[in-house]
Amino acid sequence: MNELLPAFDFHHVVVAPWTDYLPATGAWMLMGFFVTATCGLVGNYLMLRRMALMGDAVSHSVLPGLVIAFLITGTRGTWAMFLGALLAGVATTVIVETIHRKTRVKQDASIGVTFTTLFAIGVVLVSVYSSQVDLDAECVLYGEIGNIAALDEGGIPAPLVRMGSVLIGVVLLITIFYKQLLVSSFDPGLARSLGVNTTATHYGTMIVLSIVAVSAFEAVGAILVVAMLILPGATSGLLTTRLARMHGLSVVHAALSTVLGVHLALALGSQIAPAIVVAGAGLFGLAWVFSPTQGLWLRWRKPAKPGTAPAEAS
Amino acid sequence: MVSKKQLRFIFGWLALLIAPVALHAAQVSDVVETDLVEQLARFFSMRDPSLRFALIGSILLGISCGLLGGFIVVRKMALMGDALSHAVLPGVAGGFLWNMEKDPVAILVGATIAGLLGSAMVSALTRTTRIKEDAALGLVLASFFAAGLCLQTMIIQNLPSGTQSGLDKFMFGQAAALGWDDVALMSAVTLLAVVMVALFYKELLVTSFDEGFARASGLPVRWVHHGLMLLLAMSVVIALKAVGVVLVSAMLITPAAAAYLLTDRLHRLLTLAVVFGVLAASVGAFFSFVGKNLPTGPLMVLGASTVFLGAFLFGPRYGVLSKWWARRSRSGRTQRENTLKAIYHVWENEGAALEGVSLKALAEKRRATLEEIGREVNSLERHGLATVNGPMVYFTPAGRQRSAEIVRNHRLWELYLTNSANIAPDHVHDDAENIEHVLGEDVVRELERRLGYATHDPHGKAIPSVQDVHQNAGLTGEAGKRGGA
Amino acid sequence: MTKTPDRPQVPSLEIHDLTVAYHQKPVLWGIDISITSGRLVGIVGPNGAGKSTLIKACMGLLPLSSGWVKFFGEPFSRAATRIGYVPQRESVDWDFPVNVMDVVLMGRYGRLGLLRRPGKADREIARQCLEKVQMLPYANRQISNLSGGQQQRVFLARALAQEADLYFMDEPFAGVDAATEAAIVAVLRELRDQGKTILVVHHDLPTARQYFDDLVLLNMRLVAYGKTEDVFTAELLQKTYGGRLTILSEVASALGTAR
């Protein structure tokens, strides 16, 4: 076991990321923050709409979308990749709903069947065309956040620009459509009666989800995206019940888990993306235990037994 | 009971299963440049011990995953399988760390513990917070997976032996890497799963269908749930090396979901799920072997997906295409029956004097062109219900019987609606028009009894009697005489 | 407040100081009831009054914050085979791959214990129970092909197959046709006459008055328990449905026509 854990080097883990390594760690942290914050903001709505596992499904099906787009266009251009992933994401939603509606297979099983199939197609295509596709199984799993160029080498790296603009786009969309999203997530029936197009909102959310999933794919891979979609929203959901505050808290969660995650990765000598998720899960654990309203500590205290009847019932 | 029809369907799409995969295989061989024929010969002769292990292992994992997957699909816990399969990853790494080698038993124990921890976490989260189950599943899945990845990359980067540990094979699976000890472990777990399911089938059935009732009956619902989770975790773990962490949930969900589309009884569902699981797993192992560099897991999953697609399209009862076909043939039958009825009406109007009915009179009755009538009558002829001779059309005995039946159904129903439901006689026709095609023999008898064996409908037309329907007479039957009288 | 008639024998059901809470919010507070055998008891109260919670808590399906429940003088775990249960129809997935016979046989599982399988005798009992609710011709039907009333009859047959002494029924009349409702009431009365105790969660006040011997009026707390003619009064109903004027006026008119 000893050879596995590198000796804890205070300078290397705590100080250097902010001094000597800053060009590199700064780029990682910015990228990590962009990805986690974007996912977290979108994830809030997935949680509210009970579609958390559609996030899982869409993030997996991005892979075949990317590979097929690459095989057709022959380039790794941003737009081709975006389009491919977008189509794959929408196709996933449509297939899941078709299976669910046309047969008696329930939604959970239809999600399970759909995304594993699409993902399997993606993996097989990657393996068959491994010589041509600049993708491998590794990056599907871990992402390549560590391969992003440092900040001081020739301006701002392209992935950072892309992810940053997606973040800005998501923030803008949420600001513009806040009311519609809120009411249609809370009560679709009410939303329809108020004249909100819930179908458009649904597919809009799925499209944004696909865009987020494809842009995050490069940095964190297909599977860890799920954690980044759910963890910030789940953590802030433990701390507040107001949607606006949930947004703020999920961004805070994103920032904290990214910074902690980069340090953790340096300390353990592991990949950065999973370390960010582990840090985020740790923060979630803290919120779970210490939440002022739903925390476990409330349960560990002896629950106060209601002694007298409430006045209005007697 | 699996009917012959069902069997036909199963074999039908088996053929379908082979076709696309075979096409793909051709492509595969181009890419990896192996001699396909030679590989095939090696596969079917089973000379390779690694191949034998791979195939046995695939069959075993197909059995255990199909069997337990059946339960998680009907319990609506399909994604629990997914969460569990990702949650075992830190346990795999932990089991490796135990004694720094790939000891299958240590890995099984570690991974099972991690999986159970994950499933316990999901239920703790849903019980103690407002987080819904789907979010809890996703959260546990990805967090455990990330922890596993951290451990794994640590092992690979910090240990010189790490890269050779083959831990990365656990991601997408390589059936060819299965060894004797793996297969022994797989047999033990599969045997355990089969025995436990056989012993506790009754408890598993009732807790899956109606948990509240099961607990009220004093059955140990919690223990059944934990036991199922334990078996599930263990069968996920034994499947890992062959299928891989990422896709093992598909081997649980997809064969069972396909079986769910084909049968209405749980024990048949489980049997079919096992058959499909074995099929998919062996097909996956086969193509992964033929295609050398291909990971086994995704190929197995594609095999299972093909089976699902087949059930989705061609399942006799719930298949989309089958339903479409049934609707289509029903509408075809309705049309033929309407033509038969029209012939009967014309024949009845003409005093039932003639042996046949002229196509022209029929066309007027149906308000159709002669051409359209010709097509309709030809369709009758193809189904053995009528014969055409020049400008005249004649019933066959079968057609005569069916037409009398339809007219009888129609008129009885009209009479019933008028008498018993107090609907005005001029409002009952459209309803009878739909119902006449679907009334069964017993319902008709009951109607007749209730109506006191009436002979005439609300419009004053004669209702063909049972004798008319069953005596298979020619055109000058009993009803004709009575109708003319 | 609680009107419990004095009876010497061990009560079929004794609830003492029962409190149930969801997420720290109490749903039921300090309920005390004691029910003797041979009674057909209706549990009524407004939506969210804790009617279903009460019977689920009795059977240990929900954790109790305080209090205890005894059946025939014993805790639930020892008396489980003497208790029958009809859950709400919506609580199960009617697409589940089982047929009517399978469902009714589940009523026997509690008696069989672990490892034993239902045998010929159990099938015969199940068949008789199906006959009693006029569902025998449907024994081999898949359950998704049943109407709402038929599904409820199957659930009732399953409970009959439990051969219990005390039955809990959660809204057995919800969404069923008039014929099924009448058939269920007939079966319940027959059970009552055999000396069994039946507790029925019910939401329709006018029929509650006709169907039940005793009523439990519930709204988070026990408002009243006693013979129907004693507790079905405007005053107690107002306490139970306090503030809900629409329901009250409806009931008032029902009372007006009935008395």
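Worth saying up front: this structure is predicted, and the values here are computed from it rather than measured. (Residues numbered from 1 in each chain as written. Chains lettered and ligands numbered in written order. Predicted model: local features only at pLDDT ≥ 70, side-chain atom pairs only at ≥ 80, totals over all residues. Heavy atoms only, no water.)

On to helix α1 (residues 51–58) of chain C, then. Residue and element names in this part refer to chain C. Taken across its 8 residues, α1 has 7 buried, putting it largely inside the fold. By the burial criterion, the buried members of α1 are Lys 51, Ser 52, Thr 53, Leu 54, Ile 55, Ala 57 and Cys 58. Two residues or fewer after α1 comes Gly 60, characterised by a positive phi angle close to 75 degrees. (Buried < 20%, exposed > 50% of the residue type's maximum accessible area, 1.4 Å probe, protein only. Helix = DSSP H or I, 4+ residues; strand = E, 2+ residues; numbered from the N terminus.)

Moving on: helix α11 (residues 224–239) of chain A. Counted at 1.5 Å a residue, the expected span for α11(A) with its 16 residues is 22 Å, and the 23 Å between its end C-alpha atoms agrees. Across the 16 residues of α11(A), 14 count as buried, placing the element largely inside the fold. (Expected span 1.5 Å × (residues − 1).)

Let us now look at the sheet that holds strand β2 (residues 25–35) of chain C. All names here are of chain C. Read across the sheet, 3 strands follow the order β2-β1-β4 without closing on themselves; strand pairing throughout is antiparallel. A strand with exactly one partner marks an edge of an open sheet, and here the two such strands are β2 and β4 (66–71). Pairwise comparison of adjacent strand axes, ignoring direction, gives a mean angle of 20 degrees for this sheet. Helix-sheet contacts for α1 involve β1 (13–22), β2 and β4, and the interaxial angle to β1 is about 115 degrees. (Pairing = 2+ DSSP bridges. Axes fitted to C-alpha atoms, helices over the stretch in contact; angles between N-to-C directions. Contact = heavy atoms within 4.5 Å.)

Let us look at the interface of chain C and chain B. Counting from both sides, the interface comprises 35 residues of chain C and, opposite them, 30 residues of chain B. For the chain C face of the interface with chain B, the top three residues by lost area are Phe96(C), Pro97(C) and Tyr109(C), together amounting to 24%. The interface formed by chain C and chain B contains 2 salt bridges. With a shortest N-O distance of 2.7 Å, Asp210(B) and Arg158(C) are connected by a salt bridge. (Buried area = accessible area lost by both parts, 1.4 Å probe. Salt bridge = Lys/Arg side-chain N within 4 Å of Asp/Glu carboxyl O.)

The next point concerns the packing of aromatic side chains. Under the definition given, this model contains 14 aromatic pairs over all chains. Note on Phe284(A) and Trp288(A): the rings are 6.2 Å apart at their centroids and 35 degrees apart in plane angle, and the pair reads as tilted. Here Phe284(A) and its partner Trp288(A) are both found in helix α13 (residues 272–290), 4 residues apart, which amounts to about one turn of the helix. A centroid spacing of 6.2 Å and a plane angle of 90 degrees characterise the contact between Tyr211(C) and Phe212(C), whose relative ring orientation is edge-to-face. You'll find Tyr211(C) and Phe212(C) in the same group, each marked buried. Among the aromatic residues, ring-to-ring pairing joins Phe209(B), Trp94(C), Phe96(C) and Phe155(C) into one connected group. One residue, Arg82(C), lies across the ring of Phe72(C), its end atom 3.8 Å from the ring centre. (Phe/Tyr/Trp six-rings, centres within 6.5 Å; stacked < 30°, edge-to-face > 60°. Lys NZ or Arg CZ within 6 Å of the ring centre and 35° of its normal.)

Residues and elements named next belong to chain A. Here Thr 93 is to be found in helix α4 (residues 78–102). Since its relative accessible area comes to 1%, Thr 93 is described here as buried. On a C-alpha basis, the gap between Thr 93 and Met 54 in space is 7.7 Å, while along the polypeptide they are 39 residues apart. Among all residues touching Thr 93, those that are not within four sequence positions of it are Met 54, His 202, Tyr 203 and Met 206.

Before going further, it helps to spend a moment on the confidence of the model for chain A. Residue and element names in this part refer to chain A. In this model, chain A carries a mean pLDDT of 80, and residues with pLDDT of at least 70 account for 84%. Looking across chain A, the model is least confident in helix α6 (residues 137–142), with a mean pLDDT of 68, and most confident in α13, with 90. Scored below 50 in pLDDT, residues 304–314 shows 15 contacts in the model against residues more than four places distant or in partner chains. (pLDDT = per-residue confidence, 0-100.)

A few words on the pattern of salt bridges. Residues and elements named next belong to chain B. Here the structure, examined in full by the defined rule, presents 20 salt bridges over all chains. With a shortest N-O distance of 3.5 Å, Arg 333 and Glu 337 are connected by a salt bridge. Of this pair, Arg 333 and Glu 337 both sit in helix α16 (residues 320–349), separated by 4 residues, roughly a single helical turn. Residue Arg 333 is classed as partly exposed on the basis of its relative accessible area of 35%.

A separate point is the interface of chain B and chain A. It is common to give the size of an interface as the accessible area that goes away when the parts come together. Listed by partner, the interface residues are 66 residues for chain B and 61 residues for chain A. Roughly 5500 Å² of surface becomes buried between chain B and chain A when both sides are summed, with 76% attributable to carbon and sulfur atoms. With a closest N to O distance of 3.1 Å, Asp264(B) and Arg104(A) form a salt bridge. Linking chain B with chain A are 10 residue pairs in polar contact (both at pLDDT 80 or more). Looking at the side of chain B that touches chain A element by element, the count peaks at 19 residues for helix α7 (residues 133–158) of chain B. Across the side of chain B that touches chain A, the residue classes tally to 43 nonpolar, 15 polar and 8 charged. (Polar contact = N/O pair within 3.5 Å; in protein donor to acceptor, adjacent residues only side chain to side chain. Nonpolar A, V, L, I, M, F, W, Y, C, P; charged D, E, K, R; others polar.)

Let us now look at the nonpolar core. Residues Leu61(B), Leu13(C), Phe71(C) and Phe168(C) are the most contacted members of the largest nonpolar core, which totals 292 residues. Ranked by size, the runner-up nonpolar core spans 21 residues in total, among them Val357(B), Ala361(B), Leu380(B) and Ala404(B). (Core = buried A, V, L, I, M, F, W, Y, C linked by side-chain atoms within 4.5 Å.)

A separate point is the sheet that holds strand β9 (residues 221–227) of chain C. All names here are of chain C. A sheet is described by the order of its strands in space; here 6 strands give the open sequence β5-β6-β7-β3-β8-β9, paired in mixed fashion. At either end of the open sheet lies a strand with only one pairing partner, and these are β5 (83–86) and β9. Between one strand axis and the next, the sheet turns by 15 degrees as a mean value, whatever way the strands run. Where strand β3 (residues 40–44) lies against strand β8 (residues 214–219), 4 bridges are found, and the strand directions are parallel. Of the residues in β8, the one forming a bridge with Gly 42 is Leu 215. The sheet contacts of α1 involve β3, β5, β6 (166–170), β7 (197–201) and β8, and relative to β6 the element is tilted by about 145 degrees. In this fold helix α5 (residues 148–161) packs onto β5 and β6, with an angle of close to 170 degrees to the strand it touches most, β5.

Axis separation between helix α5 (residues 107–128) of chain A and helix α15 (residues 296–314) of chain B bottoms out at 9 Å; the angle between their running directions is 135 degrees. As the angle between them shows, α5(A) and α15(B) are arranged oblique. As α5(A) runs across α15(B), the sense of the crossing is left-handed. From α5(A), Val113(A), Thr116(A), Thr117(A), Ala120(A), Ile121(A), Val123(A) and Val124(A) reach across to α15(B), where they touch Pro298(B), Leu299(B), Val301(B), Leu302(B), Ser305(B) and Phe308(B). Partitioned by chemical class, the residues of the contact of α5(A) with α15(B) number 10 nonpolar, 3 polar and no charged. (Parallel < 35°, antiparallel > 145°, perpendicular 65-115°, else oblique. Left-handed = near helix turned anticlockwise from the far one by under 90°.)

This part is about the confidence of the model for chain C. All names here are of chain C. Residues with a pLDDT of 70 or more make up 89% of chain C, whose mean pLDDT is 84. Considering only residues more than four positions removed or in separate chains, one finds that residues 1–7, a stretch of pLDDT under 50, has 10 contacts. Predicted as a complex, the structure gets a pTM of 0.78 and an ipTM equal to 0.86.

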